[in-house]
Structures are given as C-alpha cells and as structure tokens.
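Below are the chains, spelled out letter by letter.
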Amino acid sequence: MSDERSLRDIRLAKLARMRELGHDPYAVERFERSDSAENLVAKAESESTESVMFAGRVVSYRLMGKAGFAHLSDGDGKIQGYFKKDDLGEVGWELYQLLDIGDHVGVEGELFRTRTGEPSIHVRRLTPLSKSLQTLPLGKEKDGESWYGLTDTEQRYRHRHLDLLSNAEARRKLVARAKLTSAVRRFFDGRGYLEVETPLLQLVAGGAAARPFTTHYNAYDLDVKLRISLELYLKRLICGDLPKVYEIGRVFRNEGVSNRHNPEFSLLEFYEAYTDLEGMMETVEDLFRAVATEVFGTTVVRFDDGTELEFGGRWRRVVLLDEIERLSGVPKAALGSLEAAKVALGEREVVNPATGKRIVAEEEHTLGGLIEKLLEVFVEPTLQEPTFVIGYPIETSPLAKKEPGNPKMTRRFEGYIRGREVCNAFSEINDPVDQRERFEQQLGQRAKGDEEAHPMDEEFLYALECGMPPTGGCGIGIDRLAMILTGADTLREVIFFPTMKPEKGEAAE
RNA sequence: GGGCCGUUAGCUCAGUCGGUAGAGCAGCUGACUCUUAAUCAGCGGGUCGUAGGUUCGAGUCCUACACGGCCCA
C-alpha cells in the first residue's frame, strides 16, 4: 500500500480486501446481541464464562503480533475483545488486522477476565458489520480522563453524530433531554390530559410576543406564518369542551440565536378548565417532581457547580410588586403608574446591584416595561430555588385575566429556577369583550412600531364568545427546562441539531 | 447591533523578531500471542478560514469578509 494515498483511500482498500475474503461488511443485515456492553461487563466481572454475541463500534485497537485487543462500544458502554490468530483462523485474523477505529463489528466468544482483570470477550468469530471510511475524533482515555477528542464547538454542533459517539457528557445531556420529553408526556397522559396537535401553518401567528417566519402555500397562493406559540388553538379546544389538553410542539420565532434562544424550539403548553393559578402551580410542582424522578432518579437534582435543588416539595411563592419593593426600595404604591414610578426612581437613585449603574426610568415607555425591568434587575437573581412569581403587568400579559383589585396587573405567574424563567402561566381570559379590548390595545402598540405586539384573531374571539369555562394555562420551554435541569451552559447543548449559519458553499440554491 | 478572542495535518494543539511548517494521537511499513494513552524502529501527511494589501519574502503585519466562541445591548 502506498503511503501517499488519503486515509479514506486506504480504508477503501481495506474494505475491498474484506470483500475479497467474502466478508462484505455492508452486506450484513442482522446481528443478534446477547446483551448491552454494560451488562456483559457486569457478567464477566461476576466470573461468568458464558458464550455471548456482541456488536459495536471499534473505539480502540491494539495489535501485538499474532494477538490483539479492541474495545467495542455500543454507545452507552464498551467491552474489550481479545482476538487471537489461533482462535480466529487465517481469514478471521486477517479481518481483525483490516479493522480500523470506527468500524462496526459483531463478535462471538466467551466472557472472561484478562490477566489484569479486565472483563472481556474471548472472540472466536469476527463479523465486520460496517467500515468507517473516515477517521473519527475518538479520544483516548486513561483513568477516566480523556485525551484529544472533538472539542471544537462548531464542529460538535455541525457534526453532531461525532459529538454523540465521542463525548459522553454531551451525549448524557442530549439523552436526558429526550427522556425528559417522554416523561412529560407520561405525566400528562397519567392525569387524564389529552395530547393534541394543532396547526404549524397559521394565518394569524398569535399567543406570544414574537416575530413569525413567513412562508407561502402554493395551492392557495397564500402567505402563511409558522406558529410562535400553541396557545390560541389550544384554548379553542377548551371552548370545544375538551377540558384538559396539552401539546408538545415545535414553535418558530424569527429572532437571533444566543445561549438561550434558538429560532425553533419545543414548547409544552397545557390547559385545564375549572382551575386557577394555584391549581396550575400545584400541577407544575407535580410535573417537576415526576420529571426529576424519571430522568434523574431523584427529586434532589445536583448541578455541576455543586448546588442542589429539591423538587420534591412546594415551591416558594412571592408577589412580584412586593419583591420589587423589598429588593429595590421602590414602594409598591409608586408602581401604579409610569409617572409615579419614574418619580420614585428619580428620588431614590436606585442602582442596579450587578452593574452599579443607576436605573434610568426614562428609557421605559410603559409601566409594564419598567416593572419587568425591575424584575430582571432586582428579583430574578434572587430566584435560585424553585419559586413562583405572581402578578404581572397588563401590557405584557394580553391573554391573562385582570387582578380583581388592580386592573393594571394580571392573574399570571412565572416559575423560576436558578434565576431563569421556566414556566409562564395564567388564569386565561374568558371574557370575550375584555379579550377584544386587549387585542385592540396590542394593535395600538403594533401601530406604534412594536412588531411583536399581538395581532387580532377573530376566530379565537368567536370561540370565546361561544363560551369558555374558567381555565388555567401554562407554557414551558422544553429546551430551557432541559438546559436548566442538566446544568448546560447553552440551549445548544440540549438540542441535537441547533440552528447554524451555513458554511461557505453549504447554502441551498 | 457593539467589543474581544479563535480559525494551522483526520483529531488536539505549538509556531519566537516576518525568512519558505512542527509535536502527540490517528495513518503506513516492520517487530511483538494478555494489551489498555500498549511498546519499539522507520515513514508519509498542509489551499496555515477566504480575498486583497505591505514586503525581496507573510502562518506571522494591515484591510475587508465568512464561520464560530465569550461578553455587552
């Protein structure tokens, strides 16, 4: 073999030789495996010498003359194979010598322990199941510490299969996210909720403050939008007397990418008739307890930084305006109007504790905007343990019922964990006249240039006019939830294929 | 949108003052029938992100752009 050929050409030549030997790896369709690598290792450790079959990817390879070793990985675990010329025969031995790290093989042999005690398979028969034509970024490891491997973040996201097969921690987070989603489904299914699917293509993309993606439906020669939330269609189902519904679905928001934003993400929304905020809070508590137990096996979740959070009990509950008063010194009484709030802020020289800079009230155009700013600066950092923050301003809550005693605030709460919002819930407006007024206020903001203001939705209003029972509703971003529970630094660590800009030459025509 | 940083072999990374490209792993050849970051001997491998500019000469300096990362808004 010439040294000048590419690594890929060399592997193609090995593939051709395997075929000459009558072992075309790509021709094999089926290979029974006795057990997982993890379980086989456990059996061998307990001195079992039973005959087993196993298949996996070659992740290490050590040849010593007329015998050798290779570790085979099934993705979650690995077990060492011992290959000896005397046992494999001429053809089998040549097949072993033609292996590369990255190939898939099937082996048959007995469990045993090597002289150094490592649980292994003494291989009697070797079946190539796939040739890897590419060198894989598989790191080496010793004492649990790995060398090399794939660390370039961009490559990890663009070639996620390499990340999954080579980085155990990345794999763990992504798998935990997938399990989390199915745990959520089991939770609601077990509580008598109906899982439903509602349209992704919508004429009016509502239910949230965000800019939609637009696409075109050729058959109707119609511009349509991709949904930005699930809310309005789900509430139309409540109006159809389906009293407990939920949906887990992809929504799309036409905005930038960051640690906490991906333009497409998975949203869980659930709605239950005849319940209120307290009912929703209890459901959220139960949901987190169930999910933590299923995904992590415990309600005490431990994070990489050593902190632990308990999801077994009742969450802390605080009222937003009370917390702002307590933490910023701005009296609740001054938060009744934008003018009074600006005066109060001006008198007190309220300082952002994180930056040391004064809060400039003049930058805010609405009372709601100012209150949310104070929430972000003063309250959010204090919300480490699971906490519900109750009572949000009306301008930013166009679908939530008004507070009976304070029409500038709404019956809405958000759940926080480790300073980050994990859910958003309210007592849904079921007064069609109130809802129409809210939409009209939103249209006013839209006219002033707020592209994220909520559009009018006449079909939704018609459903409300037909009668919607009192209803509690809640939305939870599955990706952010997975991020928080797995301790990931960025959303992209819990999305298999995060949105990336195309590399040069990769863009579609 | 702004600032900073990164982009060199399949992977992880060096590269000094501007002088024609380096290591480990992976690969190839050989030795080795219990290794495990196997070992030992030898060998090959580069559009230095892209495009310009300065210079006798650019991985290195300058400009623009692309992609990514971090921070800020």
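Residues numbered from 1 in each chain as written. Chains lettered and ligands numbered in written order. Predicted model: local features only at pLDDT ≥ 70, side-chain atom pairs only at ≥ 80, totals over all residues. Heavy atoms only, no water.

Student: Even after reading the chapter, I still don't get the packing of aromatic side chains, so can you show me in this structure?
Tutor: Centre-to-centre distance and the angle between the planes together describe a pair of aromatic rings. The full count for this structure, using the stated rule, is 16 aromatic pairs. With centroids separated by 4.7 Å and ring planes inclined at 40 degrees, the aromatic side chains of Phe188 and Phe270 adopt a geometry described as tilted. One end of the pair, Phe188, is in helix 6 (residues 168-190); the other, Phe270, is in strand 13 (residues 264-273), with 82 residues separating them in the sequence. Three or more aromatic residues joined by ring pairs form one cluster here, namely Phe187, Phe188, Tyr193, Tyr246 and Phe270. (Phe/Tyr/Trp six-rings, centres within 6.5 Å; stacked < 30°, edge-to-face > 60°. Helix = DSSP H or I, 4+ residues; strand = E, 2+ residues; numbered from the N terminus.)

Student: I tried to follow the sheet that holds strand 2 (residues 67-73) on my own but got confused; where do I start?
Tutor: Pairing between the strands of a sheet is mediated by backbone hydrogen bonds and can be parallel or antiparallel. Taken in spatial order, the 5 strands of this closed barrel run 1-2-3-5-4, and their pairing is mixed. This sheet shows a mean twist of 55 degrees between the axes of neighbouring strands, independent of strand direction. As paired strands, strand 2 and strand 3 (residues 78-84) are joined by 7 bridges and run antiparallel to one another. Across the sheet, the residue bridging to Phe69 is Tyr82, located in strand 3. (Pairing = 2+ DSSP bridges. Axes fitted to C-alpha atoms, helices over the stretch in contact; angles between N-to-C directions.)

Student: Help me understand the pairing of strand 10 (residues 214-217), please; the structure alone is not making it clear to me.
Tutor: The side chains of a regular strand alternate, residue by residue, between the two faces of the sheet. As defined by bridge partners, strand 10 adjoins strand 11 (residues 222-226) across 4 bridges and the pair is classed as antiparallel. Residue pairing for strand 11: His216 is matched across the bridge by Asp223. Linking two consecutive strands that pair antiparallel, namely strand 10 and strand 11, is a turn of 4 residues; a positive phi of about 45 degrees is found at Asp221 within it.

Student: I would appreciate a short explanation of the state of the cysteines in the present structure.
Tutor: This structure, assessed with the given rule, holds 0 disulfides. Between Cys466, a free cysteine, and Cys239, which holds the nearest cysteine sulfur, the sulfur-to-sulfur gap is 7.6 Å. Residue Cys466 is classed as exposed on the basis of its relative accessible area of 54%. (Disulfide = S-S within 2.5 Å. Buried < 20%, exposed > 50% of the residue type's maximum accessible area, 1.4 Å probe, protein only.)

Student: How should the environment of Glu339 be read in this particular structure?
Tutor: Inspection of the secondary structure assignment puts Glu339 in helix 10 (residues 338-348). Spatially, the C-alpha atoms of Glu339 and Lys85 are 87 Å apart, while their sequence positions differ by 254 residues.

Student: Just checking my understanding: could you explain the domain arrangement of chain A for this structure?
Tutor: Many authors give the size of an interface as the accessible area that is lost as the parts come together. Domains assigned within chain A are domain 1 (3-136) and domain 2 (170-315 + 385-494). Using only C-alpha atoms to locate each centre, domain 1 and domain 2 end up separated by 48 Å. (Domains from an automatic or database assignment.)

Student: How should unusual backbone geometry be read in this particular structure?
Tutor: The general pattern is negative phi for most residues beyond glycine and trans for most peptide bonds. Of note in the backbone geometry, Asp221 takes a positive phi value of approximately 45 degrees without being a glycine. Mapped onto the elements of the fold, Asp221 is located in the loop between strand 10 and strand 11. Despite not being glycine, Arg418 shows a phi value in the positive range, around 50 degrees. Looking at the secondary structure, you find Arg418 in the loop between strand 19 (406-417) and strand 20 (420-427). A residue is classified by how much of its surface remains accessible, and Arg418, at 23% relative accessible area, is partly exposed.

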